[in-house]
Amino acid sequence: MKFNFNSPLLSILLLLLLALSACDSKQKKEGPATINAEISQFPGKYLYLAEVSPDKFKPIDSIPVNQQGTYKFSVKLTSTGIYFLQGGPGRIILIVHPGSEISIKSSGDDMQGKVKITGSDESQRLNEYLMAFDNEKEIIGRLGLALEKGKERKDYSVLRDSIATVYRSLFETQRALTIKYIKSNLSSLGSIIAINQRSGPNPVLDPVADFKIFASVDSSMMTNYKDNPHSLYFNKSLNEVKKKIAEKKLNDERLAPGKVAPNFTMSQGDGKNISLSDFLGSTVLIQFWGSWQEGQTNEWLALRKLHSETASKATFISIGLEHDEKQWTEVINKYKLSWFHLSDFKFDSSPVITMYNLGNQLPVYFIIAKDGTIYGRYSSVKEAEPELKKLIKL
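In this report, the structure presented in the accompanying data block is examined. (Residues numbered from 1 in each chain as written. Predicted model: local features only at pLDDT ≥ 70, side-chain atom pairs only at ≥ 80, totals over all residues. Heavy atoms only, no water.)

### Let's talk about helix α7 (residues 297–310)
The test is simple: Numbering of helices and strands starts at the N terminus; helices are DSSP runs of H or I of at least 4 residues and strands are runs of E of at least 2. In a helix, the anticipated span is given by 1.5 Å times the number of residues less one. Per-residue accessibility, obtained with a 1.4 Å probe over protein chains only, is compared with the maximum for each type, and a residue is labelled buried under 20%, exposed over 50%, and partly exposed between these values. Only heavy atoms matter for contacts: two residues are in contact if any of them lie within 4.5 Å across the pair.
The end-to-end C-alpha separation of α7 is 20 Å, in line with the 20 Å expected for 14 residues at 1.5 Å each. Burial in α7 covers these residues: T297, E299, W300, L303, L306, H307 and T310. Buried-residue contacts for α7 involve α3 (156–184), β13 (283–289), β14 (314–320), α8 (325–334), β16 (364–368) and α10 (381–391).

### Some points on the side chain of S220
Turning to its location among the elements, S220 is positioned in helix α5 (residues 211–224). Given the relative accessible area of 11%, S220 is considered buried. Apart from residues no more than four positions distant in its own chain, S220 is found in contact with L186, S187 and Y225.

### Some points on the nonpolar core
Just so we agree on the cut-off: The definition of a nonpolar core used throughout is a set of buried Ala, Val, Leu, Ile, Met, Phe, Trp, Tyr and Cys residues joined through side-chain atoms within 4.5 Å.
Core analysis: the largest hydrophobic core is formed by 28 residues, its most contacted members being L126, I182, I195 and L205. Looking at this core, the elements with two or more residues in it are β2 (46–52), β5 (81–86), β6 (91–96), α2 (121–149), α3, α4 (190–195), α5 and α6 (229–254). The contact partners of I182, leaving out residues within four places of it in the chain, are S191, A194, I195, L205, I213 and V217. I286, F288, L342 and L362 belong to the second largest nonpolar core, which has 23 residues in total.

### Some thoughts on the pairing of β2
Using the following cut-off: By definition, two strands form a pair when at least two bridges between them are found by DSSP.
Relative to strand β3 (residues 57–64), β2 is paired through seven bridges, and the arrangement is antiparallel. What sits directly across from V52, in β3, is F57. Counted between consecutive antiparallel strands, the loop separating β2 from β3 contains four residues. Pairing of β2 with β5 involves five bridges; the strand directions are antiparallel. What sits directly across from A50, in β5, is F84.

### Brief notes about the packing of aromatic side chains
Going by this rule: Any Phe, Tyr or Trp ring, taking Trp's six-membered ring, that has another such ring centre within 6.5 Å forms a pair; planes under 30 degrees apart are called stacked, those over 60 apart edge-to-face, and the others tilted.
Scanning the model with the defined rule gives 16 aromatic pairs in all. Ring geometry for Y129 and F133: centres 6.0 Å apart, planes at 55 degrees, overall tilted. Within this pair, Y129 and its partner F133 are both found in helix α2, separated by four residues, close to a single helical turn. One exposure class covers both Y129 and F133, and it is buried. Relative to Y335, the ring of W300 has its centre 6.4 Å away and its plane inclined at 25 degrees; by these criteria the two rings are stacked. Residue W300 is found in helix α7, and its partner Y335 is found in the loop between α8 and β15 (340–342); the two are separated by 35 residues along the sequence. Relative accessible area serves as the criterion here: at 7%, Y335 is assigned to the buried category. An aromatic cluster is present here, built from F264, F288, Y356 and F366 joined pairwise through their rings.

### Let's talk about the sheet that holds strand β4 (residues 70–75)
So the rule is basically this: Working convention: axes come from line fits to C-alpha atoms, limited for helices to the stretch in contact. Angles between N-to-C directions cover 0 to 180 degrees.
With mixed pairing, the four strands of this open sheet are ordered in space as β4-β1-β7-β8. Every other strand in the sheet has two partners, leaving β4 and β8 (116–118) as the edge strands with one partner each. Direction aside, the axes of adjacent strands within the sheet are offset by 15 degrees on average. As defined by bridge partners, strand β1 (residues 33–40) adjoins strand β7 (residues 101–107) across seven bridges and the pair is classed as parallel. By the bridge assignment, S40 is partnered in β7 with S107.

Right, here's the structure in full:
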C-alpha cells in the first residue's frame, strides 16, 4: 500500500501527531528547575531556599545578600515539589515542576505581599491567596493581644465576647477564601497547603465536617500526582479520616433517639458522686461544656432562663470538660447556675467524650427521657428548648 504524502487527510494527521508530541513533551519536562529571584530592600544576610516535605522542612541552599539583589537557585528534582524562599519577614511559597524556570520579583521588607512570579501561575495564585489569608490572621493576632491586655478590666467578659464575635466573622472570611482557592486550583499541590491552613489553633477546614472538599482534593492529587510524596501523605491521612467517619456513624447509631443513654458517674464540686442512672424516672437535660470557651454569655443566660421555666419537670446536669477547677467554679458562680455540675477534670481525656461522641464543638446538649433513652441531641439552648418543653408538655 502506498501513501499519498500530498493527501490533505495525511497532512491533518501529521499536524495532530506533532501537537500531541509537543503537549507530551511539555507535561514530561525533566531536568533541574531554575529559580531566579530579584529582591530589593533585603533586610537579612542570606536568602534561603527550603523544600517542604509532608512532615518537615529541608534546607536546600542559601545565597549571601548582594548589592544587585539578584539570586539564582538550581533545584534537582524528579517530581513536582513545594519550596519556599525566606530571609526576612514573610516567605514566598513555590510549586516547582522538573525543568521549570521561575522568576520572582519582590521587596525584602514584605516578600509575600509584593511578589510577582512568572513561569509559575499556580505559585502566583497560591501567594495571592496566602497574602489575603494572612491579612485576616494579622487582625486576629491583634485581637488576641487586646484580649490579653484586657484581663484585668471589670468588663472583661463583655470584651471577651465582643472579640469572640469579631473572631468568628474573620474566621468565616478565611474559610471562604480557602474554599474558593481550593475549588479554583484543584489540580495544584497548592490545594494541599490551603486545606491545612489554621486560624490560630483552629483548622480552617475540618476533615470530617468538610469531607467532600478533602475528598475532591485527594481525588485530584491521586489523578495528577499519584506518586508524589505530598499526594501519598494526604491520601494516607484521609484514609484515617474515613475510618473515623465510619466510627462516628456507628456512634451516631448508638446515640440515636430511642437508644439507652450511656451511664456515667462523676463528681460534683463537693466531692459527691452522681450517676445518670440516679435520675431514672425523670426527664434530664445534659449539657457538655468547657469553662475555657469564649463568647458563651448569651448561651448561659438562655440556659438559666430555660432552667427557671422547667425546673419543676426536668433535671439539668452540666458536665464540664475541664482542667482548671477554679476557672470552672468561677463561671458557675458568675452566672448563678443553680443545678447539678459535674467534672472529672480530665479535659480532653474524659471518657464521656467518646461515650457521647462529642467531637470538637461545644456545647452539646442531650435530652434524656424518663425511661433512660435518648430523646435528642442539640448544639444550642435555642435548639433544645422547644424539644424539652414538648417532651415535658410545658
